[in-house]
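Coordinate analysis (summary)
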Amino acid sequence: MAAAPAGRARAVGARREPDSTSPPLFSSACYAYGRAFNPTTRALAKQLAALEGTEAAYAVSSGLAAIAAVVLRICDTGDSFVCARAVYGGTFALFHDFLPTKCGIHCIFVDLDDPQALAAALARPRVKLLYCETLANPTLVVADLPRLAAAAEKRGVPLVVDNTFAPCAVTPAKHGAAVVVHSLTKGISGASDIIAGAVCGSKAFINSLFAFDHGPVFLLGPTLDPKVAAELGLRMPHLPLRVREAGRRAELFARELEAAGARARHPALLSHPQAALFASLANPGYGAGAVITVDAGSLPAASRLMERLQVRGGAGGSRARGPASRAPTLPPPPLPELGQLWPHGRLPGLPRDPALRLRRDDFLRTLPRRPSRRRHRGRPIARVGGVHGHG
């Protein structure tokens, strides 16, 4: 068994109350300002800080609440920040639509793989932070964290990294990230039955989120229910085991899909354009994430695939999501500068699937195949469209 990377062992053994096998539950009603502090939530926060190797952390009501709190703490009206083009749809809507119109904070979306474009964006006046996702949701574009951290440091701004898709597998703080955010709803929760988020960073930064006069968590109140914090605290000790197994299954499914002719994308596949980059960032033994993307070639084909998976029971208990371009937070048409990509870096025919709950044979039966001279049951095998690029 691979040795636990720095931070992982501490997450498993993060200190709780003495002689206790589970975190104690304190109701917010016991505290005058429960939205600013709760012992149960703080116990979870210590586990999260240990997981990410940061001085401190705190848990909030959702991943978007965590992201918004970080940006609102660092940026003021009239400020701007730089963000990767390939990000989660909700994050894109927050950055592209909400913050400029409601707060006067503007986001500059750039291709982070273009050093000149990144340098030009960071050189603009009043830029306050650089934001990316370790693994972009759902395109699985890999962020070159050391290079981005160096660029941010040169400009004198913090690198903020969403590590939702790579808990345990990657430790952004080790590669120069100043702040790490999570949607705890996904991998850390493990069952999509809880909505929560987290911010990990220095003690000074986490404390500033709760300042009485300007702390966004204290004043806007994205408070995490202590019962949810207690539930998550019980799931944290076996997170490394779940991540390792989910990563193993994801890689297995991705290789099976690719061998069957599907246009699958996963950082463990050599066909992924940034497979070597992810390997250089990864903590050994934790896989390359639990999410696979499959390009069905077109929106209608992706819709048919998802219907078979979710409505007709093609994959049983799968948690398939898609098509990716149907994100309800985003308008259809794409921004001109993103070409064929939709604003948040997704392709119209790109559904996505956490691999943990898929049954191999059922899923493969739902997919069209590459062209072949052979005929299957009297019908030619159809082609699956390719992934043409990424944000």
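Fair warning: this is a prediction, and the values are worked out from it, not measured in the lab. (Residues numbered from 1 in each chain as written. Predicted model: local features only at pLDDT ≥ 70, side-chain atom pairs only at ≥ 80, totals over all residues. Heavy atoms only, no water.)

Details of the packing of aromatic side chains
- Going through the model one piece at a time under the given rule, you end up with 5 aromatic pairs.
- Plain terms: the ring middles of phenylalanine 81 and phenylalanine 95 are 4.7 Å apart, the flat faces sit at 85° to each other, and that makes the pair edge-to-face. With phenylalanine 81 in strand 2 (residues 80–84) and phenylalanine 95 in helix 4 (residues 89–103), this residue pair connects regions lying 14 residues apart in the sequence. Each member of the pair phenylalanine 81 and phenylalanine 95 is classed as buried. (Phe/Tyr/Trp six-rings, centres within 6.5 Å; stacked < 30°, edge-to-face > 60°. Helix = DSSP H or I, 4+ residues; strand = E, 2+ residues; numbered from the N terminus. Buried < 20%, exposed > 50% of the residue type's maximum accessible area, 1.4 Å probe, protein only.)

Some thoughts on the pattern of salt bridges
- Evaluation of the coordinates by the stated rule reveals 9 salt bridges.
- A salt bridge links arginine 126 to aspartate 79, with the nearest nitrogen and oxygen atoms 2.8 Å apart. In this pair, arginine 126 sits in the loop between helix 5 (115–122) and strand 4 (127–133) while aspartate 79 sits in the loop between helix 3 (63–74) and strand 2, placing the two residues 47 residues apart along the sequence.
- The exposure class assigned to arginine 126 is partly exposed, which follows from its relative accessible area of 45%.
- Arginine 147 is the partner of aspartate 144 in a salt bridge, and the nearest nitrogen-oxygen pair spans 3.4 Å.
- For arginine 147, a relative accessible area of 26% translates into the label partly exposed. (Salt bridge = Lys/Arg side-chain N within 4 Å of Asp/Glu carboxyl O.)

Quick word on the sheet that holds strand 1 (residues 56–60)
- Strand order in the open sheet formed by 7 strands is 1-7-6-5-4-2-3, with mixed pairing between adjacent strands. Two strands bound the open sheet, and with one partner strand each, they are strand 1 and strand 3 (106–110). Between one strand axis and the next, the sheet turns by 20° as a mean value, whatever way the strands run.
- With 3 bridges joining them, strand 5 (residues 159–162) and strand 6 (residues 179–183) adopt parallel strand pairing. (Pairing = 2+ DSSP bridges. Axes fitted to C-alpha atoms, helices over the stretch in contact; angles between N-to-C directions.)

Looking at the nonpolar core
- Grouped together as the largest cluster of nonpolar side chains are 91 residues, with contacts concentrated most on Leu48, Phe81 and Phe95.
- At 8 residues, helix 3 tops the list of elements feeding residues into this core.
- Residues within four places of phenylalanine 81 in sequence aside, it is in contact with Val71, Cys75, Phe95, Leu99, Ile105, His106, Cys107, Ile108, Val127, Lys128 and Leu129.
- Counting 9 residues, the second-largest nonpolar core is a separate cluster that includes Ala250, Ala254, Ala264 and Leu269. (Core = buried A, V, L, I, M, F, W, Y, C linked by side-chain atoms within 4.5 Å. Contact = heavy atoms within 4.5 Å.)

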